[in-house]
Each structure stands twice: as structure tokens, then as C-alpha cells.
Amino acid sequence: MSEKPFLSTNSVTRRGFLATGLAAYSTATLGNVLAEPVSPDAIAAANLLPIDPGYVSSLYYDDKEKDALNDVLKEGSPFRFWGPGTPVKTKHFEEAFAQYMGVPYALAVTSGTAALDCAMAGLGVGPGDEVIVPAYSWWSDYTCVLCAGALPVFADIDETFNLDPRDFERKITPRTKAVLAVHLMGGPCDLDPILDIARKHNIAVLEDAAQAVGGSYKGKKLGTLGDVGIYSFQINKMISSGEGGAVVTSNPMIYERAVRYHDVGIFREIFEKRTGSVLSSSEGGQNFRLNEFTGGVLDAQLTKLDTMIQDQRRNAQAIAEGIQDLPGLHWRKQPDPDGDIGYAVSFAMKNKEARDRCIKELRKWNVPAATLIGSVLLPIQESVIKKQARHPNWPSFNSPEGKAIQYGPECCRQTLDVFDRFVLIRVGPKYTDAINQQIITAVREVYPKVA
Ligand SMILES: *Cc1c(COP(=O)(O)O)cnc(C)c1O
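The rules behind the values
Residues numbered from 1 in each chain as written. Predicted model: local features only at pLDDT ≥ 70, side-chain atom pairs only at ≥ 80, totals over all residues. Heavy atoms only, no water. Near = heavy atom within 4 Å. Polar contact = N/O pair within 3.5 Å; in protein donor to acceptor, adjacent residues only side chain to side chain. Areas by Shrake-Rupley, 256 points an atom, 1.4 Å probe, with all protein chains shown as cover. 1 Å grid on protein atoms, 1.4 Å probe; cavity = no way out; pocket = protein on both sides within 12 Å on 5 of 7 lines; lining within 4 Å. Sits in = over half its atoms within 2 Å of the grid points. Helix = DSSP H or I, 4+ residues; strand = E, 2+ residues; numbered from the N terminus. Nonpolar A, V, L, I, M, F, W, Y, C, P; charged D, E, K, R; others polar. Buried < 20%, exposed > 50% of the residue type's maximum accessible area, 1.4 Å probe, protein only. Lys, Arg positive; Asp, Glu negative; His and termini not counted. Salt bridge = Lys/Arg side-chain N within 4 Å of Asp/Glu carboxyl O. Pairing = 2+ DSSP bridges. Axes fitted to C-alpha atoms, helices over the stretch in contact; angles between N-to-C directions. Contact = heavy atoms within 4.5 Å.

(A) Looking closely at the site of the ligand. Surrounding the ligand, one finds 15 residues, the nearest of these being Gly-112, Thr-113, Asp-208, Ser-232 and Lys-237. At 2.7 Å from an oxygen atom of the ligand is found a side-chain nitrogen or oxygen belonging to Ser-232. Residue Lys-237 places a side-chain N or O atom 2.9 Å away from an oxygen atom belonging to the ligand. Surface burial for the ligand is 92%, taken as the share of its 370 Å² of free accessible area covered by protein chains. Comparing atom positions with the cavity grids shows the ligand to sit within the largest pocket. Those elements giving two or more residues to the shell around the ligand turn out to be helix H7 (112–123) and helix H8 (139–147). For the shell around the ligand, the per-class residue count stands at 4 nonpolar, 8 polar and 3 charged.

(B) Quick look at the side chain of Asp-141. Here Asp-141 shows up in helix H8. The buried charged residue Asp-141 lacks any salt bridge partner; its closest oppositely charged side chain belongs to Lys-237, at an N-O distance of 8.3 Å.

(C) Representation of unusual backbone geometry. Here the phi dihedral of Lys-218 falls at roughly 50°; this positive angle occurs in a residue that is not glycine. As for its position among the elements, Lys-218 is in the loop between strand E7 (216–217) and strand E8 (220–221). Classification of Lys-218 as exposed rests on a relative accessible area of 53%. One non-glycine residue with positive phi stands out, namely Asn-366, at about 65°. For Asn-366, the location among the structural elements is in the loop between helix H15 (352–363) and strand E12 (369–370).

(D) Geometry of the sheet that holds strand E4 (residues 151–155). The strand order across the open sheet formed by 7 strands is E1-E10-E9-E6-E5-E2-E4, and the pairing between neighbours is mixed. Both outer strands of the open sheet, strand E1 (105–109) and E4, are each paired with one neighbouring strand and no more. The sheet shows a mean angle of 20° between the axes of neighbouring strands, direction not considered. The sheet contact formed by strand E2 (residues 130–134) and strand E5 (residues 176–182) spans 3 bridges and is parallel. From the neighbouring strand, Glu-130 faces E5, where its bridge partner is Thr-176. Here H8 sits on the sheet in contact with E2, E4, E5 and strand E6 (204–208), set at roughly 150° to E4.

See the structure below:
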């Protein structure tokens, strides 16, 4: 199969842009200006629009969030379990979130990082276990394994920007307990092969959908296809209350252990009512309970999530359609284009130099072009290479396997290659047709010169 456009559905055309006459204007005027050398004055003279994707969550704040916060103040009950008034916000958010995702159980926690720790507790990951982590992902995907006392084993990403199923399979050992299927930059992992391989080897799948809240894979919401899923509501994510996170699962035992871990080992009645039974007992835990202010804002934000995704996808699709006929364009691989939340439009260049030039030239058009963003090339970080843990006897690196494992660039060559070649253009949900057109014109102008 040949190159696939960014999004498969075809509801948006370029007609709108052409109708404004802006396309012709852009090509005639802006196009000429880019002919090198480009002076800052020339760019100013080209009337380029500023382009800022913004933070999705706060672009949609309105009276709904304000009313939720005021309710909590009026009740005087910012703690989720009791107070002078009746706290209902966090509980309601959990129920609405579970329903939105299509799973029986959701747990609200203080961050995506906390959610990962709860998920590890839910799965019972501990010393002696190995957990497979994509070499490009957020710090928390590594630290949750360390915090559990288990050994992080890296697998490469592929051109989905997510876990390469083939390398996942290569990294499995008899000790592999879980795999982190992280859906980065709004796009789903190649989940079918990942789930197949995991089932074959009896490995738990933890989906990290922190960067793809509301995204889906073959009609099911991300985070609900594996054994347990997590989300983040930090400001860079889709819906936000500044900080916040959630765990979802269909497994009552995983839920109970995660709930207990988030609340110093306790399993309160409101959770017991959901699962209908008590299956576990205290294993200790943290305090990752979500307060009512945060729960109320998230409850308000959740009602807007579909609109946010729709708006963002519409712009991503318009931009993709405006450039898809460029000869040789090599897109990010999309295991399910319909499930992508439109966070970015991304394509490869032939090497790092071409990528860097492409980004530099696109920025002259105010295009928010970048390398892959929002995560870390984990195996090449100093603290990872040095296998630092909080105590010299920490179990992660004290097993024979932990002592033998070596991180560094050698363990993630393919990841570094993907990272070095791709250009990513951020998409904002509030981009106007004129902004989309400016991005299209810029790519049409820059790409053929740099490719
Ligand atoms: C943001 C993020 C997290 C952690 O979420 P926080 O709420 O910031 O703790 C985990 N995984 C991924 C992929 C993320 O992007």
C-alpha cells in the first residue's frame, strides 16, 4: 500500500479557502517572498499571520468551568469524600468519563504520572518483573516502572511514532509482565498486533493515552483496549484542569488495587458500590485523590471534548489535503486515521539536515514546525544510562538482568532514526481557514526545495 493521507474521511475540501481568494493571494505574494534570501522586512511585508496552536483546554474555558468552581466554593466542600456541603463533582466526573470511554470503571487522580503508578499497582508489577517501554515516550512511562521496583526494557518506535510491535516482540523475556502502549502526539498505536503479541505471551497491556484523550482505534476509545488505560489532564493535553489524571479498566481487581493505591490503601464504599464486591486488601499506597475544584473543571471540559477533537481534526485534515499531492510526501504511519485527534500533521524528510532546513524554512512562514515533541528519547538520558535509582539497593537494577542491561543509543537506533527524519506541524483547534492556507502554502513552497 502506498502513502496514506493524514486522515481518511473526506468531509473537508479546499473549496472554502479558494472561495476566500486567499489561496491565490498566498501563492502569488507569499510564495515569491520566500525566494531566498529572505529578509525580516520582506516577511513583515508579506502580511504573514501569526500562528499559535494554543492550549486546547483553555481555548474552550467558559461559564461551565466557572460555574463548577463556584459551586464548590458555595458548598464549601473541596474534598471529594465529605465536607460541610455535598461533594459530587469528582464522583460525577469519574462516572461521566467511564461512560464516555465505554468502560465500567474510571478513577480520577492527581496526574497522569499518578495514574501510571496506580496502573502499575493495579497490575501488580513489582521487583523481578520487566516492563517494555517505548524508547520515545514521557518520563513517567519510565519512572512508573522504576517506582514499582521493576526493570524498564526499551523497545523502538516505528513510523507511527509509537511502539513498534516487532521490536516489542523481540524484547519479550519470561520475566516480561507488562507493556506500555503509549499513544503519542494524538495518534493510536498499532494496537492489533500489539494486543495479539501480548495475549500470546500473557503480558498485560497498559495503554497510556495521555496525549490522545478522546482518540480511538477501530471504533474503541484509546485506553480501553488493553487491560488498563491512563490519561493526563495537564495543560498540554486535550482537556485540562492544569493537573489531573485518570485510570480506566474493565477489570474489577485492577480497579480495586488502583483505587487502593491512590488512597493510602483504602477501598471506600463509593468504589465498592461500583465493583459490587471487595476482592483485595490493603497493600498501602499514596494520596493521589482528586479535589472537587479539579473534578468540577474536568467534568465541564469533558462535555466539550468531542467538539475540541472535531475542530482540531478539521484543521489537520484541511492542511493534510492541501499538501497531499506533493510528489514523494511520506506521512507519519497511521494505524487508524479516523481515530487520530488531529494534534499535528507530520511527514518525513530524507535525513536530519533536510528535516532541520525544512523546520527552519517553515518557521519563516510562522508555521509551528518542530521535530517530534512532547516526549523524551529516554535511553539516551544521562540518569537512564547511569541506571540511577533512589537507593543503591533499589531492586530495578540489582537483579542479574538489571545489572546486565545497557541503555544508550545502541538500544534504540530505529527510534533515533525516526526522530531525526520527521517534521511535525502542530495543529490548533481554532485555526482559521486563512491560517490553514498559510501553512499549506508554506509547505508547498518549502518542501520541494528541501526534500
Ligand atoms: C503528560 C504525559 C504523562 C504524564 O502526565 P502528567 O499529568 O504530566 O503527570 C504520561 N505519559 C505521557 C505520554 C504524557 O504525555
